[in-house]
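Topology and contacts: notes
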Amino acid sequence: MIPARSEQVELLRQKIGSAAAVARNARGWSQEYVARQLNIDSETISRLERGVSIRLDRLLDLANLYNVPLASFFNDAPGPKLPVAQEISMAVAILDDANQQWVLQMVRSVVDKFVR
């Protein structure tokens with residue numbers, strides 16, 4: 001049975017909020033720090049991460065701050081999934097350049113073993 005529309009919306013809000021919290025925590029940033037960077041109240045970040053209030057402009061601000069595609073907040077949402085290569089790219093995007101290069105070398109090494 002397909003959940004009611006209101007249940008689907010609530011589930012989507014929760015998933016988006018959770019993804020936003022994961023992205024923030026992956027950087028070791030507090031809600032207060034993120035709020036200061038965006039010139040908003042830390043309660044706004046809290047409400048977004050809890051799925052209480054989600055505005056697309058705030059999500060776009062977060063995506064820019066976290067240097068990830070906006071779509072990364074929707075990865076686990078119902079619907080078409082991103083290609084694996086794009087998911088890997090988004091996961092690595094939080095690393096600095098040196099660590100991104102290290103990961104790239106490791107991926108190439110692993111791929112070479114499978115291609116041979």
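This report concerns the structure included in the present document. (Residues numbered from 1 in each chain as written. Predicted model: local features only at pLDDT ≥ 70, side-chain atom pairs only at ≥ 80, totals over all residues. Heavy atoms only, no water.)

**A short note on the packing of aromatic side chains**
Rules: To pair, rings of Phe, Tyr and Trp, with the six-membered ring standing in for Trp, must have centres within 6.5 Å; the planes then decide the type, stacked if under 30 degrees apart, edge-to-face if over 60, and tilted in the middle. Remark: exposure states derive from per-residue accessible area (1.4 Å probe, protein chains only) relative to the maximum for the residue type, with buried under 20%, exposed over 50%, and partly exposed in between. Comment: elements are numbered from the N terminus, with helices defined as DSSP H or I runs of at least four residues and strands as E runs of at least two.
Inspection of every chain in the model, using the stated rule, returns 2 aromatic pairs. Measuring from ring centre to ring centre gives 5.1 Å for Trp 29 and Tyr 33, while their planes differ by 55°; the resulting arrangement is tilted. Using a relative accessible area of 23% as the deciding quantity, one classes Trp 29 as partly exposed. When the centroid spacing of 5.8 Å and the interplanar angle of 45° are considered together, the rings of Trp 29 and Tyr 66 count as tilted. Separated by 37 residues along the polypeptide, Trp 29 in the loop between helix H1 (5-26) and helix H2 (31-38) and Tyr 66 in helix H4 (residues 56-66) bring together distant segments of the chain. Judged by relative accessible area, Tyr 66 falls into the buried class, the value being 1%.

**Regarding the packing of H1 against H4**
To be explicit about the condition: For helices, the axis comes from a line fit to the C-alpha atoms of the stretch in contact; other axes are also lines fit to C-alpha atoms, and the angle between any two N-to-C directions lies between 0 and 180 degrees. By the definition adopted for this analysis, an angle is roughly parallel if under 35 degrees, roughly antiparallel if over 145, roughly perpendicular if from 65 to 115, and oblique otherwise. Note on convention: near helix rotated counterclockwise from far helix by under a right angle means a left-handed crossing. Clockwise means right-handed. Throughout, a contact is declared for two residues whenever any of their heavy atoms are within 4.5 Å. Just so you know the grouping, Ala, Val, Leu, Ile, Met, Phe, Trp, Tyr, Cys and Pro go in nonpolar, Asp, Glu, Lys and Arg go in charged, and all remaining residues, Gly too, go in polar.
At a minimum axis distance of 11 Å, the contact between H1 and H4 shows a crossing angle of 25°. As judged from the angle between their axes, H1 and H4 are roughly parallel. Handedness of the crossing formed by H1 with H4: left-handed. In contact with Ile 16, Ala 20, Ala 23 and Arg 24 of H1, H4 contributes Leu 59, Leu 62 and Tyr 66. Of the residues contributing to the contact of H1 with H4, the split by class is 6 nonpolar, no polar and 1 charged.

**What to know about the side chain of Arg 27**
Inclusion rule: Here Asp and Glu are counted as negative and Lys and Arg as positive; His is not counted, and neither are the chain ends. Just to be clear on terms, a salt bridge is a Lys or Arg side-chain nitrogen sitting within 4 Å of an Asp or Glu carboxyl oxygen. Two N or O atoms count as a polar contact when they lie within 3.5 Å, although within protein this holds only if one can serve as hydrogen donor and the other as acceptor, and sequence-adjacent residues are included solely when both atoms are side-chain atoms.
Mapped onto the fold, Arg 27 is located in the loop between H1 and H2. It turns out Arg 27 is buried and unbridged, and the closest side chain with the opposite charge, Glu 49, is 9.9 Å from it. Engagement of the side chain of Arg 27 in a polar contact is seen with the backbone oxygen of Ala 23, the distance being 2.5 Å. When neighbours within four sequence positions are excluded, Arg 27 is seen to be in contact with Tyr 66, Val 68 and Ile 94.

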